[in-house]
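So you can see what is in the structure, the chains are spelled out below.
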Amino acid sequence: MRDFWRRFRRNKGAVVGLVILLLVVLLAATAPWLFPGSPWDMAGAPFSPPGEMGMLLGTDSLGRDVAAGIAHGARISLLVGAVSTAAALLVGVTLGAVAGYLGGIADDAVMRFTEFFQTIPSFVLAILLVAIFTPSIGSVVFAIAIVSWPPVARVVRAEFLSLRGREFVQAAEVLGKSRLSIVLTDILPNALSPIVVLSSLMVASAILLESALSFLGLGDPNLMTWGFLIGSGRSVIRLAWWMSVFPGIAIFLTVLALNLVGEGLSDALNPRLARQRGGAA
Amino acid sequence: MSLLRVDGLTVALPPGGDRPHAVEDVSFHVDAGEILCVVGESGSGKSISANAVMGLLPKGLPVRQGSIAFEGRELLSLAPEAMRKLRGERLAMIFQEPMTALNPLMRVGDQIAEVLRVHGSGADAARRVPELLAAVNLPDPAAIARSHPFRLSGGQRQRVMIAMALALEPALLIADEPTTALDVTTQMQILRLIREIQSRRGMGVLFITHDFGVVAEIADRVAVMQRGRIVEQGPAAEVLNRPQHSYTQALIAAVPHGAAQARAAITTAPVLELRGVEKTYRRGGFFGARAVVRAVHDADISLRQGETLGLVGESGSGKSTLARCVVRLVEPERGTIAYHGTDLRPLSRAGWKPYRRRIQMVFQDPYASLNPRRTVGDTIAEGPVTHGTPRAQALERARELLRLVQLDPGAMDRYPHEFSGGQRQRIGIARALAMEPELLIADEPVSALDVSVQAQVLALLAEIRARLGLTMLFITHDLRVAAQICDRVAVMQRGAIVEQGPTSEVFAAPRHAYTRQLLDSIPGRGWTPPEL
């Protein structure tokens, strides 16, 4: 574990990403104390620019505090990112494990099923699903999970395929262990590193997807989100740039941080690859 | 003046390694027309020395001291451009892995022509390429020149590599374990070829190897390396038969003798009988031709209680497939696998489970056969736990087994990466023994190990077998190892057993032509290691 941390620290970008990410989490956690009350309430005169009338990041067209919106929006963005990624991992890892370990017909069936989802443009599918199930936080999470599990299934299948032929798995086979216990205790722990790296990137893309859905007005109407803030500021962007720009920066920083952390994790989990990359540069 | 003279060469290792220098104060020389063998175990610095001569050291390994003089010129101070010109033209190298050293997308002839072209003699490539391919004894050079590397066997590729190295008639050939990845019969052909070309052209050869048999076969002079230093150097006959340094003596004592002693015939009841087992691999279909490989056929064996049967053959002979059929890692299409009279082949996964206790396996690769994320204790205990032994009891037993395989019981809570190859192989053996099996299948258990470690593991296996009365099916490609440990041997070729009998009889009077060929190919068969 100490070793892991030492390797992670070698990637300066990853440390910066982790710090940003922790700040965002902190912001989300302290939102109710920093900005008590609902972010939907009027807090000042409409269209106040940043810094005026005690509004750090200005107000929107209805006089709502943009800073409060961002802080409360962080809660929703992180929540959606985490929950939908967890759901996508559950589906993707299970299907990928079945395909990779059993091989043969099971593999063919699962992979064709996966391709069926991959052939539909994911954003269009997400819009469609949210529209069908009426926008709510549940349907948004569901839609994002549905469109983001196929890459997980493919990665897990590839890992399982290569690990299945390794001698320690054959040894477990010869010891007479059950299939389930071989998959859970022998193969899965050794396939974890790519899954961890992939999931950090999936959280980032889930946040982007959620923002895009909210921007189109398909977010949960009762929850303040970053995408909604940008969407509502879109029509007055020349008049009040701050309404769209600050939530945009929030999305940008969070997604960038997650990507940096993902790369750092990948370096720390595959030290040999990282060293080669460093050596070539 | 020597062709190549290396003086006091010291190459640093990156900080944090197990020693400060990869090679330290190494001095040797190669004269025109002689073969110098550098012998050592893995990590002894023999390849680093060779790469230093070629100017191919990786960035992390800087030369700290010393000089490398080639034909009177100092190589270490040479500009990269001048060194590039020298490489290929005067200095040539062949590598261990003929599979990856050739460009897979280029025809073999074009690759050799490229060497000529780069050094400015591309004009007569059309004439020289077939000539070179013929010089390395490849049949039908014109056809070989037109084929891509994947069409060629390992031995053929290594010949192509040698042809490439010889293209510009270098004065010094460096061969880094050129036969290690090859089968024993191919190895012998390549060794003869290098010998022949060397004497025909009067080249100097720097030959890196770990195998004393190969040394006995090919060397004029020998340098023995241990942990980055040359501990002994001298004429081959001198070093092989009267080694002075204790390390050389230990290495030579560890070489399997290859002499099979007669053993009493075993007449106990059969434990395992294979009848008419067949396994065929099919691939392709849809587009292109279907390829059918008969991996195992006509391979009937029977194994008596307490007996060790050696299954010997070259790569692709089907010996591992046959062994894997017995433990059902591979499912054969036909035949009976009778264990004490019960046919195991038609059993279901659940039906097999009771037999898992009785039949266990030791794997080849000590680095791949242990789960890297599980402690040694759990690895050894997991088999019995799976079969219902309480965990505490299984762990207690694991501790005893570690003592049995001569490891410290303190190893229980450590992870596999903290152990060396030989220690890992002991852990693998302990894992198999934890089930208290009656039949042990050992699939090349020592071929990934250095020779001194190999000797220890073989001794351990022999001792355990005697103590526990194990029956063993021992798969190996190394006839010297088979001679040392097996009561009977079965020789496999292309999926079939061509000869079977008591080890001493097969070695003394082989009946099948292929067995004779295998025996003739044992490197260093003319050399009997001295009793030390």
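As the structure is a computational prediction, the values presented were derived from the model and not from experiment.

> I'm lost on the packing of helix 2 (residues 12-34) of chain A against helix 3 (residues 66-102) of chain A in this one. Help?
Residue and element names in this part refer to chain A. Where helix 2 meets helix 3, the closest approach of the two axes is 8 Å, and the angle between their N-to-C directions is 115 degrees. Of the two elements, helix 2 crosses helix 3, and the hand of that crossing is left-handed. Here Val24, Val25, Leu27, Ala28, Ala29, Ala31 and Pro32 of helix 2 lie close against helix 3, whose contacting residues are Ile70, Ala71, His72, Ala74, Arg75 and Leu78. Classifying every residue of the contact of helix 2 with helix 3 by side-chain character gives eleven nonpolar, one polar and one charged.

> Would you take a moment to explain the sheet that holds strand 4 (residues 63-70) of chain B for this structure?
Note on sheets: strands pair through backbone hydrogen bonds, and any given pair is parallel or antiparallel. Residues and elements named next belong to chain B. With antiparallel pairing, the four strands of this open sheet are ordered in space as 2-1-4-5. A single partner strand is all that each edge strand has here, and the edge strands are strand 2 (21-30) and strand 5 (73-74). Pairing geometry for strand 1 (residues 4-12) and strand 2, over six bridges, is antiparallel. What sits directly across from Val6, in strand 2, is Phe28.

> Hey, could you run me through the pairing of strand 8 (residues 204-209) of chain B in this one?
Two faces make up the sheet, and in a regular strand the side chains alternate between them. All names here are of chain B. For strand 8, a buried count of six out of six residues is recorded, marking the element as mostly surrounded by other parts of the structure. Note that strand 7 (residues 172-176) and strand 8 share five bridges and pair parallel. Its bridge partner lying in strand 8, Asp176 is registered against Ile208.

> Got a minute to help me understand the nonpolar core in this structure?
All names here are of chain B. Counting 57 residues, the largest nonpolar core has Ile112, Leu133, Val160, Ile162, Phe207 and Phe212 as the members making the most contacts within it. Among the elements that take part in this core, helix 6 (residues 154-166) stands out by supplying seven residues, more than any other. With near-sequence residues (within four places) excluded, Val160 lies in contact with Leu102, Val108, Ile112, Leu133, Leu138, Ile144 and Leu152. Val184, Ile380, Leu433 and Tyr514 belong to the second-largest nonpolar core, a separate cluster that totals 50 residues.

> Mind showing me how you'd approach the sheet that holds strand 17 (residues 359-362) of chain B here?
Residues and elements named next belong to chain B. Across the sheet, which stays open at both edges, the six strands sit in the order 17-18-19-14-20-21 with mixed pairing between neighbours. One side of each edge strand has no neighbouring strand; the edge strands of this open sheet are strand 17 and strand 21 (496-502). Along the sheet, successive strands turn relative to each other by an average axial angle of 15 degrees, direction set aside. With four bridges joining them, strand 14 (residues 308-312) and strand 20 (residues 488-493) adopt parallel strand pairing. The residue of strand 20 that forms the bridge with Leu309 is Arg488. Across the face of the sheet, helix 16 (residues 451-468) comes into contact with strand 14, strand 18 (439-443) and strand 19 (471-476) while running at roughly 160 degrees to strand 19.

> Sorry, what's going on with the packing of aromatic side chains here?
We describe a pair of aromatic rings using the distance from one ring centre to the other and the angle between the two ring planes. Summed over all chains, the structure comprises twelve aromatic pairs over all chains. A ring pair is formed by Phe212(B) and Trp527(B), whose centres lie 6.5 Å apart and whose planes are at 35 degrees; its orientation type is tilted. Here the residue Phe212(B) occupies a position in helix 8 (residues 212-218), and Trp527(B) occupies one in the segment after helix 19 (513-520), the gap between them amounting to 315 residues. Pair check on accessibility: Phe212(B) and Trp527(B) agree, each one buried. Taken together, Phe113(A), Phe116(A), Phe117(A) and Trp149(A) form an aromatic cluster joined through their ring pairs. Lying across the ring of Trp352(B), Arg356(B) places its NZ or CZ 4.4 Å from the centre.

> Got a minute to help me understand unusual backbone geometry in this structure?
Leaving glycine out, the prevailing phi sign among residues is negative, and the prevailing peptide bond configuration is trans. Residue and element names in this part refer to chain B. You will see that Arg227, though not glycine, has its phi angle at about 45 degrees, which is positive. Within the secondary structure layout, Arg227 lies in the loop between strand 9 (221-226) and strand 10 (229-235). You can call Arg227 partly exposed: its relative accessible area is 48%. If you check the backbone angles, His340 has positive phi at about 50 degrees while not being a glycine. On the secondary structure map, His340 appears in the loop between strand 15 (334-339) and strand 16 (342-343).

Cut-off values and rules
- Residues numbered from 1 in each chain as written.
- Chains lettered and ligands numbered in written order.
- Predicted model: local features only at pLDDT ≥ 70, side-chain atom pairs only at ≥ 80, totals over all residues.
- Heavy atoms only, no water.
- Axes fitted to C-alpha atoms, helices over the stretch in contact; angles between N-to-C directions.
- Helix = DSSP H or I, 4+ residues; strand = E, 2+ residues; numbered from the N terminus.
- Left-handed = near helix turned anticlockwise from the far one by under 90°.
- Contact = heavy atoms within 4.5 Å.
- Nonpolar A, V, L, I, M, F, W, Y, C, P; charged D, E, K, R; others polar.
- Pairing = 2+ DSSP bridges.
- Buried < 20%, exposed > 50% of the residue type's maximum accessible area, 1.4 Å probe, protein only.
- Core = buried A, V, L, I, M, F, W, Y, C linked by side-chain atoms within 4.5 Å.
- Phe/Tyr/Trp six-rings, centres within 6.5 Å; stacked < 30°, edge-to-face > 60°.
- Lys NZ or Arg CZ within 6 Å of the ring centre and 35° of its normal.

Note that all results are geometric; they support no functional claim without further evidence.
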